[in-house]
Every structure is written in structure tokens, then in C-alpha cells.
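Residue-level structure breakdown
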Amino acid sequence: MSARRGCFSRWGFSSRPHRNTTQVQPAVVPLSSESELVPCFAGELAMGEQNPTSWKYTWKITNFTSLTQKKYYSEVFTLGNNAWRILIFPKGNTIDHLSIYLDAADSTRLPYGWSISAHFRMILVDQNNYGYSRIKETEHNFTARESDWGFTSFIPLSEVHDSCNGYLVNNTLTIVAEILGPHPPVENTQLAEPPANIPQATPTDTFDTYFTNLEEIIKAAQSSPARGGSNTSNQKSVLSTSEAPTLEEVENAKQSLKECLSDIFKLNVKDRLAEAMSTLSIAKSGLSLDQQKSVEAFWANFDEFTSDFLTFEQDNAEFELQKLLKDQMFATMKKNHETHISYKQLLGDLTKEEEELNKKLEEVKSKREKLISNWEILMVESEEAKSGHKDQAKKVAEAEEKKRIAEERMSRSTTAWSNLKTLFG
């Protein structure tokens, strides 16, 4: 049996995953000695390869019909640094089907913001003929909010318990979880450094890319031709008369038919239409040949035609609702894109302002650097002056001492000269 792929939540096929809010204490079923985790290779010649193409974990559940808990977990099996386990609802998860999921074990102990992507198959083994095993395949990005993923409607419980099938043999059920991919150990995985010549993306690059794609979607939606419809609502009530109607009754029926045809989708119009058609179908006069043929053709298929009208009304109402919701989403996209344009303009203004501020900052930095440089020169000159002042102070002291001695000598000489001048002058 070929694998069926798709995104399934615990409540069936869905484009939006759901979490299980049922507060039930889970039970761990003891595994038999036959349960195991084994690698799978592409072929016999590939057995020498270092990495297998997938891993299969087999879980055999004995006394399956005696299980009383709402849900059961298998024991944990580990691939690389990722721990997994199988989760089943033996009596169905709010549905009359066996429900099977893959669960990220100990998800509450993983670091904040953790995420694990996995491509896997869930297999309910036909123990009589493996070729008839039920296989379903999917992919999921496991997170703290969506730590389990799988198939709510994996297989009807009636098929599981049917003795003609080989799913439940000797009250034992065998489930296999196959994790696709080699799964190298996480500690051996290194992140590649980006090339130095490639600029790193900025948050605004992400915005531009996203809203550019959104703009293309908006343009495509605007260029699509508009589609519309109308509403119908009919109820069946067949009336008949055993006698030919009078001419007045025929005219009244024709007028009623005309009113019905003018607005076929009015409430309870089907009753009036049936009464008019019943009268006109047995009329002997008051109708042209073409009118009689048209009435007979319509009356012969009255139920089918009115059923078509009712179906169209329902489908058209659903179409109008979905169209309205789509138009609302389109209006939101368009408004958000316009807001994106204004944000982009605002960012441009802020970038220009930032450039001007940076330019001014560079000028301020240049002035500051020049001031510091002049300050340093001033300090050097001051240090030279201070050192020169100290040296000059020593020289002044020495010169002053020489002057004092010279003054003393000159004073003696002057006195002697004055005495000599007095005696011999």
C-alpha cells in the first residue's frame, strides 16, 4: 500500500495544527523484548555506508483490547540528540479511529525556542502480510507548542479489530515509527560561516522581500476577473387538481408563475411555483402550444430542477461568504502593503536624518580630535616652559650670588679709592 502524505493534526486533516487540550494522565506501556530501533539502508550494497537512510522503531503492544487509558506513550528512543516516542489513542482521539502520533519526548525540558524538523512515516503492521500494512507519511516542524504530530484518523477501529485483517494478532498490535534521514549527531554538526564578501541581511531586507511578494499577490488578485452569483431557497410541496382549471385559474396561475420566475429564490416561492405549475400542467385552454410544452417539460422534472436551485443557493451562499472573507483578507493585505510603503518612506526619512546626524557627529569628532591635539601641544609647550623656568631659576640664583660678591668687592674698592682721593687730592 502506498504511503499517504499530508499534514494531519490530532483532529484530522487540517491546514492549521491543533494542540491536544484533553487533560488525561498518560500511561507508558511496557515494551516486549521484540521491540527495537534499527537502521535502514538504501540496499544491500549500501550496508557499508556510514549513515543509514532512515531508522525504524518497532513498538509491540500486547493485550491491546485490555488497554483502558485514553492514551499511551511508548518508551523513548533517541536519534542523534533528539528523543522521540510514539503516542497512540487506542480507542480514538474523539473519533472512531485509531489515532497515532510521533511525540518529541521531554519537550518541556528542552531549551526555550527549540525546534526540530522531522520527516517520518507511521506504520500499522499487517502481521499476516506486511505488504498490506497501513502506512502514512508526513513532515512537521516540532516546537514547544506543537510537540506531537501525526494522524487522528489513521485507520477505523472496526478494521483494526476485524479478524480478517492482520493488524491485531493474538491481541498484539505492532506499530512502527520510521524517521527518514541519516540523523548525524548534533554535536558533530557545525554551522558554516558566511563568505566575507556577501553582505549580511538586515531586518529591512526581510520586510522588503516579504512585501514585494505580497505586492505581486495583490496585483495578481486585482487582475483576476470578478465572479459573482445569486441565492436560491426552495421547499417542495407538490399540488395537483383532478379537474381542468377554469380560464380565470389559468390566468391566475400564469401571473403567479410570472412572479415566481421574476424572483425564483424568494422564501417559500417553491410552494407557489408548484401550485402554479400543477394548475398549468392540466390546463386545457389559456396557454399557447409552446407554453404547454414548456410547462410539461418543467413539471416533469420539477423536483430535480428545484433541487438544483436549492443546491445552487447553498453553494452560492458559501461562495459569497468565502468571497467576502477573501475580499476582507485582500483589503487587509492591501492596507498593510500601503502601511509598508509609508513605513519605508519613514525609514528613508530616518535614514537621511541619521546620515545628517552622523555627518554632524563626524564634524564634532574632528573638532574634538583637533582640540585634543592642540591641548596636547599646549601641554608639551607648558612642560618645556616649566623645565626652562626651573633651569633659569638656578642660573638666576648663581648670577645673583656672583653679583653680590662683585658688589662686595666693588664696595671695598670704592672705599679705598675714596680714601686715596681724599689724602692725595
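Remember, predicted model here, so these are calculated numbers, not experimental data.

1. Section: the overall build of the chain
When you go through the chain residue by residue, the secondary structure sums to six helices and 15 strands. Across the 425 residues that make up the chain, the buried fraction comes to 27%. The contacts of the chain with a sequence gap of at least 6 include a subset with a gap of at least 24, amounting to 67%. On the chain, roughly 29,100 Å² of surface is accessible, and the fraction owed to carbon and sulfur atoms is 54%.

2. Here's the deal with the pattern of salt bridges
All told, the structure shown has nine salt bridges when counted by the stated rule. Notably, a salt bridge pairs Glu137 with Arg121, separated by 2.9 Å at the nearest N-O pair. Taken together, the residues Glu137 in strand S12 (residues 134-143) and Arg121 in strand S11 (residues 115-124) connect sequence positions 16 residues apart. Overall, the relative accessible area of 7% leaves Glu137 in the buried class. A salt bridge links Arg404 to Glu408, with the nearest nitrogen and oxygen atoms 2.6 Å apart. With Arg404 and Glu408 both in helix H6 (residues 302-424) and four residues apart, this pair spans about one turn of that helix. In this structure Arg404 comes out as partly exposed when scored by relative accessible area, which is 37%. Salt bridges here are not isolated pairs; linked through shared partners, they connect Arg121, Glu137 and Glu178.

3. Some points on the packing of helix H5 (residues 289-300) against H6
At a closest axis distance of 5 Å, the pairing of H5 and H6 adopts a crossing angle of 75°. Relative to H6, H5 is oriented roughly perpendicular. Contacts from Ala297, Phe298, Trp299 and Ala300 in H5 reach Phe302, Phe305 and Phe309 in H6. Class assignment for the residues of the contact of H5 with H6 results in seven nonpolar, no polar and no charged.

The rules behind these values
- Residues numbered from 1 in each chain as written.
- Predicted model: local features only at pLDDT ≥ 70, side-chain atom pairs only at ≥ 80, totals over all residues.
- Heavy atoms only, no water.
- Helix = DSSP H or I, 4+ residues; strand = E, 2+ residues; numbered from the N terminus.
- Buried < 20%, exposed > 50% of the residue type's maximum accessible area, 1.4 Å probe, protein only.
- Contact = heavy atoms within 4.5 Å.
- Areas by Shrake-Rupley, 256 points an atom, 1.4 Å probe, with all protein chains shown as cover.
- Salt bridge = Lys/Arg side-chain N within 4 Å of Asp/Glu carboxyl O.
- Axes fitted to C-alpha atoms, helices over the stretch in contact; angles between N-to-C directions.
- Parallel < 35°, antiparallel > 145°, perpendicular 65-115°, else oblique.
- Nonpolar A, V, L, I, M, F, W, Y, C, P; charged D, E, K, R; others polar.

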